[in-house]
Amino acid sequence: MAHASSKPLVYLVGAGPGDPGLLTLKGRDAIACADAVVYDRLVSPRTLDHARPDAVRIYVGKGPRSHAMPQEEINGLLVRLAREGNVVARVKGGDPFVFGRGGEEAEELRAAGIPYEVVPGVTSAVAAPAYAGIPVTHRGTASSFTVITGHGRAGKEEPAVPWDQAARLGGTLVFLMGMERLPEIAEGLMGAGMDGATPAAVVRLGTWPEQRTVEGTLDGIADAVRDAGVENPAVVVVGQVAALRPRIQWIERKPLFGRRVVVTRARRQASRLTRALEARGAQVTEFPVIEIAPPSSSEPLARAARSVEAYQWVVFTSANGVEAFFEALDGAGRDARALADAEVAAIGPATAAALARHGITRVGMGREYCGEGLAEELAKSVRPGQRVLVARAQESRDVLPRMLEAAGAHVDDVAAYRTIAVGEGAPDLAAELRAGRVDAVTFTSSSTVTNLLACLGGDTALLRDAALCSIGPVTTKTLRDAGLEPAVQADEYTIEGLVDAICSLWKGGSR
Ligand code: SAH
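Residues numbered from 1 in each chain as written. Predicted model: local features only at pLDDT ≥ 70, side-chain atom pairs only at ≥ 80, totals over all residues. Heavy atoms only, no water.

Caption draft 1: Just the nonpolar core, in detail. Ranked by internal contacts, the top residues of the largest apolar core, which has 35 residues, are Val10, Val13, Val38, Leu81, Val91 and Ile114. Sorting elements by how many residues they give to this core places helix α3 (residues 71-83) first, with six residues. Non-local contacts of valine 10, meaning those with residues more than four positions away in its chain, are made with Leu78, Ala82, Val88, Arg90, Leu109, Ile114, Pro115, Tyr116 and Glu117. Counting 28 residues, the second-largest nonpolar core is a separate cluster that includes Leu301, Ala304, Phe316 and Ala391. (Core = buried A, V, L, I, M, F, W, Y, C linked by side-chain atoms within 4.5 Å. Buried < 20%, exposed > 50% of the residue type's maximum accessible area, 1.4 Å probe, protein only. Helix = DSSP H or I, 4+ residues; strand = E, 2+ residues; numbered from the N terminus. Contact = heavy atoms within 4.5 Å.)

Caption draft 2: Region of the structure containing the sheet that holds strand β6 (residues 145-149). The mixed open sheet is built from five strands, whose spatial order is β6-β7-β10-β8-β9. Each end of this open sheet is capped by a strand with a single partner; those strands are β6 and β9 (212-217). For this sheet the average axis-to-axis angle between neighbouring strands, irrespective of direction, equals 20°. Here strand β8 (residues 199-204) runs beside β9; their pairing, made up of six bridges, is antiparallel. Note on β9: the bridge partner recorded for alanine 201 is glutamate 215. Across the sheet, helix α5 (residues 124-131) touches β6, β7 (172-176), β8 and β10 (234-238), and the angle it forms with β10 is around 80°. Across the sheet, helix α8 (residues 221-228) touches β8 and β9, and the angle it forms with β9 is around 150°. (Pairing = 2+ DSSP bridges. Axes fitted to C-alpha atoms, helices over the stretch in contact; angles between N-to-C directions.)

Caption draft 3: Structural context of helix α17 (residues 446-455). Most of α17 sits out of view: eight of its 10 residues are buried. Close packing links the buried residues of α17 with β11 (260-266), β12 (283-293), β17 (410-421), α16 (426-434), β18 (440-443) and α18 (473-481). Following α17 by one or two positions, glycine 457 has its phi on the positive side, about 65°.

Caption draft 4: Region of interest: a negative patch on the surface. A grouping of Glu72, Glu73, Glu107 and Glu108 is seen on the molecular surface, where their side chains present a negatively charged patch. Put simply, the parts of the chain that give the negative patch at least two residues each are α3 and α4 (102-111). Along the chain, glutamate 107 falls in helix α4. On the basis of relative accessibility, which here comes to 58%, the residue glutamate 107 falls in the exposed class. (Patch = residues over 30% accessible without salt bridge, like charges linked within 9 Å, V, L, I, M, F, W, Y side chains within 5 Å. Areas by Shrake-Rupley, 256 points an atom, 1.4 Å probe, with all protein chains shown as cover. Salt bridge = Lys/Arg side-chain N within 4 Å of Asp/Glu carboxyl O. Lys, Arg positive; Asp, Glu negative; His and termini not counted. Charge placed at Lys NZ, Arg CZ, Asp CG, Glu CD.)

Dropping the structure here:
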């Protein structure tokens, strides 16, 4: 029987406080190997992305309109799933044993004879203050910290820790689940002799992109929180360390902190832009609108690869075109040496970098990274009668080949690949846009514009309130042709240029 072995069947995993990067390696591995993932409300969807696509996902937390599954039912569920032979990842916010009821689940599993392992997590009690610039201990300021539940003892009015004891500790007090009773907590501590001028802070959704911090003193914090409209989930920090925040605060200083940015790209290409935006504090939603597919007919590219010596020039306009061409070259039993006698030209640094990966490093490159800029340069270099191979997307515009032909060249414009619309999750994105929960949308090519609009059923009004960010003039033109005005266009037509442009949108202004 499976559960008679010592192999753990249930992992009690702490997912950390929200930032998906704060999951431990061991936690990630446990989630990745699970047949079933049972998770709570304060677990980031990105954390669940580590689960196998075929894993069962079971949500047991509270929803806006639903109650959390009672603890006994969760215990029963874990036992049942394990008995059916599933490896279960029971994923909880923060640490499973810090007000996470992980201990009860462990007891229940032990009683049922089911092997389990505990994977500790980064608790919000420490991490939320840390992301707000508050160290829970500090040399000379606080030599202890105490984590206390804000709920009364056994649901009663009495505090979980008697106020006079808490007030006498002298170190930092961190309250979890303390928002509903914040006025009572503050009064209780002051009534027990704690100075009303003691620094205090409330950090809501610490480490999430929506993180918000309210600062104050013990006697004013409840009012400040009410005025700011800050609700659960939040930690309350009381103690001198809260006054260190102005000096130590860091994440809230990032240029895109709290901004919600949608990245539209090809499914497998988004990560670099996403990472760059996240590094600047943005909350990124990736919305893959396009996927790279083989062209409708692969024969023209295959033929061009077989007889590439016939061309004096070979021109690439994207990294995808480069990859497709070299695949075709490989299919013809050849390699980069076939290009030895040709002039190779590339639009943009990413295209040049793709060529470099195939050993082609001496390429002509347009200074302006768009079709027209390169076409003009090329048209000057190409001599009449020369043969030019252009390997690019099937749906590309005709500008480049037309200009080269006008310069007297014979152009073979070959479809190396095709971009097709994907756009799963479009209803979710439309809902986010409608609710005004998107600050910016990035467009890194014309096809991201056309395909996003296709995904949204052509409803340009949905994009009215978001700042549209264009990588360059060609993409901008496509936006304008669709009746949309970009809020910003990159100065340098690269991912880095686009990121700088997005940052410039909110320079100086905070939320
Ligand atoms: N096991 C969790 C705590 C669960 S109790 C942990 O170790 O973090 C739920 C309470 O945790 C919430 O009411 C809130 O006080 C706190 N909490 C959880 N995530 C939080 C976050 N990202 N920011 C602030 N408080 C958080």
